[in-house]
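The primary structure of each chain is shown beneath.
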Amino acid sequence: RAKDLGGGEHCSYEPSLHASAEERRQLEFALRSALAKNELLLNYQPVVDANSERIVSFEALVRWVSEEHGFVSPGKFIPLAEDTRLIVPIGKWVMQQACAEAARNWPEHVKVNVNVSPEQLIEPDFVATVVQALSRSGLAPKRLEIEVTESIFMRDADVAGRALEQCMALGCSVALDDFGTGYSSLGYLRKLKFSTIKVDRTFVQGASQKSAESVAIIRAVVAMADSLGMSTTAEGVETADEAEMIRNMGCTKIQGFHFGRPMSAGDAMALFRAADRRRIA
Ligand code: C2E
Ligand code: MG
Ligand code: MG
Ligand code: MG
């Protein structure tokens, strides 16, 4: 399509580069109609209390099954959606859908975590989107936790910070996702009252492989979060041994395949029903 648009001067691509640019264009084209074609859905992954191992929250994770491309991983289409600003309408849909699911089908003590990209946060109507998702669904604001990464501080940090503060004023909480993998400084931890710091999976996996550095970093993050009055969630906990190790390091919450993979809304509800039956029995 470059040829249709730009004339002949763009025809000297490396074949391999051309293939990936063309693939990207095709994915973008398909992603543009994904919402209208109902190709997006949400999966939910449990977050458990490190000590009681009871579910305290589910993180909503978007999935795309494209008519032309089949299953496309979020690692591939989220960056594309961010580059093309398609993340704005997609993110609105995710926010509405996740709040509705939690309000309708989950016990009241269970929160929902929703990932938000910087491109969404700096939209002037972001806070209005959150207000609308809460009011339409009837979800109590305290049950919504917004997840952002350090990348929100790379540019338009003031705009992003103000939007998050307004969400906190509504009663929502904000988690700092993938902590330790970004490029930003610790200064912003003074400015924004995050409720939770999510320790990135790479540190958990490192600690599991007996990396003294990873262990030291997790301990330091937990200590820092404690003194700041924030909780910690360890991401990517895949085994019982890792869960035990993480618990001993003092993380407050755990998320990972060991306690549950991302699952359909129906399977998440079935988990609660099973837990209810155990309580009655
Ligand atoms: P994230 O927010 O850090 O989400 C956690 C990712 O780790 C998920 O990948 C999850 O499936 C994966 N994961 C969880 N436990 C384990 C484990 O024990 N082992 C391993 N190996 N992986 C684990 P997923 O679903 O592929 O999502 C990737 C990223 O895409 C997310 O990372 C998030 O940054 C982004 N994303 C997903 N859904 C949305 C969304 O609705 N909006 C936005 N803006 N971004 C989203
Ligand atoms: Mg997340
Ligand atoms: Mg994460
Ligand atoms: Mg991560």
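All values derive from a computational prediction rather than experimental measurement.

> So what exactly am I meant to see when it comes to the overall build of the protein chain here?
Secondary structure assignment for the protein chain yields 12 helices and nine strands. The C-alpha radius of gyration computed for the protein chain amounts to 20 Å, which stays within 12% of the reference 19 Å derived for 281 residues, consistent with globular compactness. Over its C-alpha atoms, taken along the principal directions, the protein chain stretches across nearly 65 × 45 × 35 Å. Excluding contacts between residues fewer than 6 apart, the proportion of contacts in the protein chain whose partners are at least 24 apart in sequence is 68%. Accessible surface for the protein chain amounts to roughly 14300 Å². Of this, 53% is attributable to carbon and sulfur atoms. Once the 32 positive and 37 negative side-chain charges of the protein chain are each reduced to a mean point, those two points are 5 Å apart.

> Hey, could you run me through the site of ligand 1 in this one?
Near ligand 1, the surroundings consist of 23 residues, among which R63, S117, D177, E238 and F257 are the closest. At 3.0 Å from an oxygen atom of ligand 1 is found a side-chain nitrogen or oxygen belonging to E59. Measuring from a nitrogen atom of ligand 1, one finds a side-chain N or O atom of E238 at 2.5 Å. Relative to its free-state accessible area of 810 Å², ligand 1 is covered by the protein chains to the extent of 82%. Spatially, ligand 1 is embedded in the largest pocket. It is strand β2 (residues 55-66) that provides the largest number of residues to the shell around ligand 1, a total of four residues. Grouping the amino acids of the shell around ligand 1 by side-chain chemistry returns nine nonpolar, six polar and eight charged.

> Just to check I follow, could you spell out the coordination of the magnesium ion (ligand 2) for this structure?
Six octahedral donors at a metal ideally form angles of 90 or 180 degrees, and four tetrahedral donors ideally form angles of 109.5 degrees. Protein-derived coordination of the magnesium ion (ligand 2) comes from E59 (OE), N115 (OD1), E147 (OE) and D177 (OD), at a distance range of 2.0 to 2.2 Å. Read N to C, the donor residues that coordinate the magnesium ion (ligand 2) are spaced as E-x55-N-x31-E-x29-D. Taking the relative accessible area as the measure of exposure, E147 reaches 1% and is therefore buried.

Basis of the calculations
Residues numbered from 1 in each chain as written. Chains lettered and ligands numbered in written order. Predicted model: local features only at pLDDT ≥ 70, side-chain atom pairs only at ≥ 80, totals over all residues. Heavy atoms only, no water. Helix = DSSP H or I, 4+ residues; strand = E, 2+ residues; numbered from the N terminus. Rg over C-alpha atoms; globule rule 2.2 N^0.38 Å. Contact = heavy atoms within 4.5 Å. Areas by Shrake-Rupley, 256 points an atom, 1.4 Å probe, with all protein chains shown as cover. Lys, Arg positive; Asp, Glu negative; His and termini not counted. Charge placed at Lys NZ, Arg CZ, Asp CG, Glu CD. Near = heavy atom within 4 Å. Polar contact = N/O pair within 3.5 Å; in protein donor to acceptor, adjacent residues only side chain to side chain. 1 Å grid on protein atoms, 1.4 Å probe; cavity = no way out; pocket = protein on both sides within 12 Å on 5 of 7 lines; lining within 4 Å. Sits in = over half its atoms within 2 Å of the grid points. Nonpolar A, V, L, I, M, F, W, Y, C, P; charged D, E, K, R; others polar. Donors = N, O, S within 2.8 Å, 3.2 Å for Na, K, Ca; no water. Buried < 20%, exposed > 50% of the residue type's maximum accessible area, 1.4 Å probe, protein only.

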